[in-house]
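What the coordinates show
Here is what each chain is made of, one letter per residue.
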Amino acid sequence: MIENTNCRSIDASGQAVELKLTQKVDAFIGPPCPMPCLNVAHLTSYWQTPMTSWFCATITDGENENLDHNHGTLSRTYPTIFQMARAMLATMDGFEWDVFSLIAPADGIYHEMSRKVELLMDKRGKSVTSVEVYHRPLTLDNATSILRRIKEVSRIIWLLVGGVTTQDRDQQTFMLAARNLDLTATSDYVFITIELFPDPGFEKPWQPILSPYANETAGELIGVGEAPVEMILKEAYRNVLVLTMR
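Below is a short write-up of the structure. (Residues numbered from 1 in each chain as written. Predicted model: local features only at pLDDT ≥ 70, side-chain atom pairs only at ≥ 80, totals over all residues. Heavy atoms only, no water.)

Quick word on unusual backbone geometry
How we decide: Secondary structure elements are taken from DSSP: a helix is a run of H or I of four residues or more, a strand is a run of E of two residues or more, and numbering for both begins at the N terminus.
Cis geometry marks the peptide bond from Gly30 to Pro31, where omega comes out at 0 degrees. Mapped onto the elements, Pro31 comes out in the loop between strand S1 (28-29) and helix H2 (34-47). The phi torsion at Gln167 lies on the positive side, around 55 degrees, for a residue other than glycine. The topology assignment puts Gln167 in the loop between strand S6 (156-159) and helix H6 (170-180). At Asp182, a position not held by glycine, the phi torsion is positive, near 65 degrees. Counting through the fold element by element, Asp182 comes out in the loop between H6 and strand S7 (190-195).

Written out as structure tokens, the structure is:
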């Protein structure tokens, strides 16, 4: 039996109840969307019915020592947001970085990730000098303003925004802004991103070009000559450390 929740929590809950009571299903696969997955996980745990989801990253199982807060019948094939935050902490420790800043959208999984990261880093003695939360749609001017503020207080910048593997243009727009501010001209500044769903051959976060400024030449955009935007993006990404979840 297959039902489409359309990532709606109400639909997911109702469909789960109908499948359990009328179809007598023995197990559930999905949904991956955060809130629908949480609601169905509540139900399946109450029913003691197995459930698996390939994503469902926002459920906080494993973060609380009280096992009563966990969903005993849920299994997931993808890291949780908490596990991603721990990977970010390990990266900071590995490079012996203690001071950083965060950029994240005002909603969605990257926003949730930024909150977890901020709390976890604080517990481990890492200092966040700036947290910039922005609303979509992101413009180049807005991205430039955010980076102009951050560059005064931090050289390690966690750019928790979507990239090419999530078909999100914001990451490339921020990197264009970074190039505009000469933050990528030297190795003084480091940008760190997380690609949630990389393809096996993922190697070039500047391709395909998703930024809405892609049809303009780099000279018209940021006054650095007539090089294509792709070339400018490629140069900017030399200052980017990309973490992938595989």
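Points about the packing of helix H3 (residues 81-95) against helix H4 (residues 109-123)
Working note: a packed helix pair is described by the angle between its axes plus the distance between those axes. For clarity, the threshold we go by: Helix axes are fitted to C-alpha atoms over the stretch in contact, other axes to C-alpha atoms as well, and angles between N-to-C directions run from 0 to 180 degrees. Comment on the angle field: the value is read as roughly parallel under 35 degrees, roughly antiparallel over 145, roughly perpendicular from 65 to 115, and oblique elsewhere. We call a crossing left-handed when the near helix sits turned anticlockwise from the far one by less than a right angle, and right-handed when that turn is clockwise. Between two residues, a contact is recorded if the distance between any of their heavy atoms is within 4.5 Å. In this classification, Asp, Glu, Lys and Arg are treated as charged, Ala, Val, Leu, Ile, Met, Phe, Trp, Tyr, Cys and Pro as nonpolar, and every other residue, Gly included, as polar.
The geometry of H3 relative to H4 is characterised by a closest axis approach of 9 Å and an angle of 55 degrees between their N-to-C directions. Between H3 and H4, the crossing angle belongs to the class labelled oblique. Both H3 and H4 take part in a crossing whose hand is right-handed. Contact with H3, carried on its side by Ile81, Met84, Ala85, Arg86, Met88, Leu89 and Met92, involves Ile109, Glu112, Met113, Lys116, Val117, Leu120 and Met121 of H4 and no other residues of that element. Here the residues of the contact of H3 with H4 sort into eleven nonpolar, no polar and three charged.

Digging into the sheet that holds strand S2 (residues 51-53)
The line we're drawing: By definition, two strands form a pair when at least two bridges between them are found by DSSP.
Strands sit in the order S1-S2-S3 across an open sheet of three strands; the sheet is parallel. The open sheet has two edge strands, S1 and strand S3 (74-76), and neither has a second partner. Relative to S3, S2 runs parallel, the two being bridged by three bridges. Opposite Met51, over in S3, you have Leu74 as the bridge partner.

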